[in-house]
Amino acid sequence: MMAAKPKPPAASGPAGQSVLPALLSRPYPAVMGVLNLTPDSFSDGGQFATPERALAQARRMIAEGADIIDIGAESTRPYGSEPISAEEELKRLQPVLSDIVALGVPVSIDSMKSAVVAWALGQGAAIANDVWGLQRDSGMSGLVAERGAPVIVMHNRERADPAIDIMQDIAAFFARSLDIAAKAGISSDKVVLDPGIGFGKTPEQSMTALARLGELQSLGLPILVGASRKRFISTVTPSEPHQRLGGSIAAHLLAAQNGARIIRAHDVAETVQALRVAAAIRERQ
Ligand SMILES: Nc1nc2ncc(COP(=O)(O)OP(=O)(O)O)nc2c(=O)[nH]1
């Protein structure tokens, strides 16, 4: 008698708040598949800019083992991306978000604007992904608290400062974010921390953040890492974004070893396989 196929965790909306425990309870990290509805994302801009291509990519990542689909309609790259209005961001999201939510896997909305996050949560997105860690849009924390949604709080800086101790900067940033979250009424079991690889950091500092990720464990909150195709890889072996799979996998395996519980990746199949094989081997140590 075949064991019943495990039901996917509750997909979205108010039930979405149950989504984290299910994802964090396994011996290997959850994988968040990146879906950029942008013309200018640093590694895959324009590839999924039509609803058909976006839906097909979401289906493909789910088939490859993605536990979460992270949808972003505005590039966050520090240089070369055009900031867009909330209207433009919504225009990119509206044709496709609810169809992707209907696929039954939790969706996170990667947006710096509370108006966009509010709309997306209303459409069934389950998680807010704020690359400014509740510190940019003053409406974000109240919104997240009111909806009871989990929130990814990512470290960011306007610009890199090679002279600082990046781990101290990350810790101080998270202290501010967690204070904002507490004041807004976001319970700590809804917060995921992310060191923001590639954001306001030199390549050296990105690698230091990965190497010293374990220091963030003391905060007692789940950690997400997104090193996928990021520029620091090219400082080790010169490569274009689509040539950085090996470096992305290496960074994510080390991040998992150093405590990351969610991995944000473009190449889902390879990342899922690498993380699960590494976990299976570690179980035999
Ligand atoms: N939480 C979180 N969100 C993120 N959003 C975008 C990017 C940048 O990658 P990508 O989305 O591929 O590029 P772009 O922002 O140019 O669309 N990285 C992260 C990350 O590391 N963590």
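Computed from a predicted model, the values in this text were never measured in an experiment.

Every one of the 17 residues lining the ligand counts as a neighbour, but Ser41, Ser75, Thr76, Asp194 and His266 are closest to it. For the ligand, a nitrogen atom lies 2.7 Å from a polar atom in the side chain of Asp110. Between the ligand and Asn129, the relevant distance is 2.8 Å, taken from a nitrogen atom to a side-chain nitrogen or oxygen of the residue. Notes on the ligand: free accessible area 470 Å², of which the protein chains cover 98%. For the shell around the ligand, the residue count by class is five nonpolar, seven polar and five charged.

A few words on helix H3 (residues 86-93). Along H3, the residues classified as buried are Ala86, Glu89, Leu90 and Leu93. Buried residues in H3, looked at end-on, bunch into an arc of 95°, giving them a common side. Facing away from the buried side of H3 by over 90 degrees, the exposed positions are Glu87 and Lys91. Where the residues of H3 are buried, they touch strand S2 (68-72), helix H4 (97-101), strand S3 (107-110) and helix H5 (114-122).

A few words on the packing of helix H10 (residues 245-257) against helix H11 (residues 268-282). Remark: H10 packs on H11, axes separated minimally by 10 Å, with the N-to-C direction vectors making an angle of 40°. One element, H10, and the other, H11, form an angle in the oblique class. As H10 runs across H11, the sense of the crossing is right-handed. Residues Leu245, Ile249, His252, Leu253 and Ala256 of H10 form the contact with H11, whose own contacting residues are Glu270, Thr271, Ala274, Leu275 and Ala278.

In contact at an axis separation of 9 Å, helix H7 (residues 166-184) and helix H8 (residues 203-211) are set at 70° when each is read in the N-to-C sense. It follows that H7 is roughly perpendicular to H8 by the angle criterion. On H8, the residues touching Ile166, Met167 and Ile170 of H7 are Gln205, Thr208 and Ala209.

Aromatic rings considered in pairs are described by the distance between their centres and by the relative angle of their planes. Under the definition given, this model contains one aromatic pair. Positioned over the ring face of Trp132 is Arg136, at 3.9 Å from the centre of the ring.

Time to look at the sheet that holds S2. The sheet built from eight strands is open, its strands ordered S6-S5-S4-S3-S2-S1-S8-S7 with parallel pairing. The sheet terminates laterally at strand S6 (191-194) and strand S7 (224-225), the two strands that pair on one side only. Of the strand pairs in this sheet, strand S5 (residues 151-154) and S6 are connected by four bridges, and their pairing is parallel. For Val151, the partnering residue across the bridge sits in S6 and is Val191. Packing of H10 onto the sheet brings it into contact with S7 and strand S8 (262-265), and relative to S8 it is tilted by some 165°.

Attention shifts here to the environment of Lys113. Mapped onto the secondary structure, Lys113 falls in the loop between S3 and H5. The exposure class of Lys113 is buried, given its relative accessible area of 17%. Considered as a pair, Lys113 and Gly259 are 146 residues apart in the sequence and their alpha carbons are 29 Å apart.

Definitions and cut-offs
- Residues numbered from 1 in each chain as written.
- Predicted model: local features only at pLDDT ≥ 70, side-chain atom pairs only at ≥ 80, totals over all residues.
- Heavy atoms only, no water.
- Near = heavy atom within 4 Å.
- Polar contact = N/O pair within 3.5 Å; in protein donor to acceptor, adjacent residues only side chain to side chain.
- Areas by Shrake-Rupley, 256 points an atom, 1.4 Å probe, with all protein chains shown as cover.
- Nonpolar A, V, L, I, M, F, W, Y, C, P; charged D, E, K, R; others polar.
- Buried < 20%, exposed > 50% of the residue type's maximum accessible area, 1.4 Å probe, protein only.
- Helix = DSSP H or I, 4+ residues; strand = E, 2+ residues; numbered from the N terminus.
- Arc of directions from axis to C-beta.
- Contact = heavy atoms within 4.5 Å.
- Axes fitted to C-alpha atoms, helices over the stretch in contact; angles between N-to-C directions.
- Parallel < 35°, antiparallel > 145°, perpendicular 65-115°, else oblique.
- Left-handed = near helix turned anticlockwise from the far one by under 90°.
- Phe/Tyr/Trp six-rings, centres within 6.5 Å; stacked < 30°, edge-to-face > 60°.
- Lys NZ or Arg CZ within 6 Å of the ring centre and 35° of its normal.
- Pairing = 2+ DSSP bridges.

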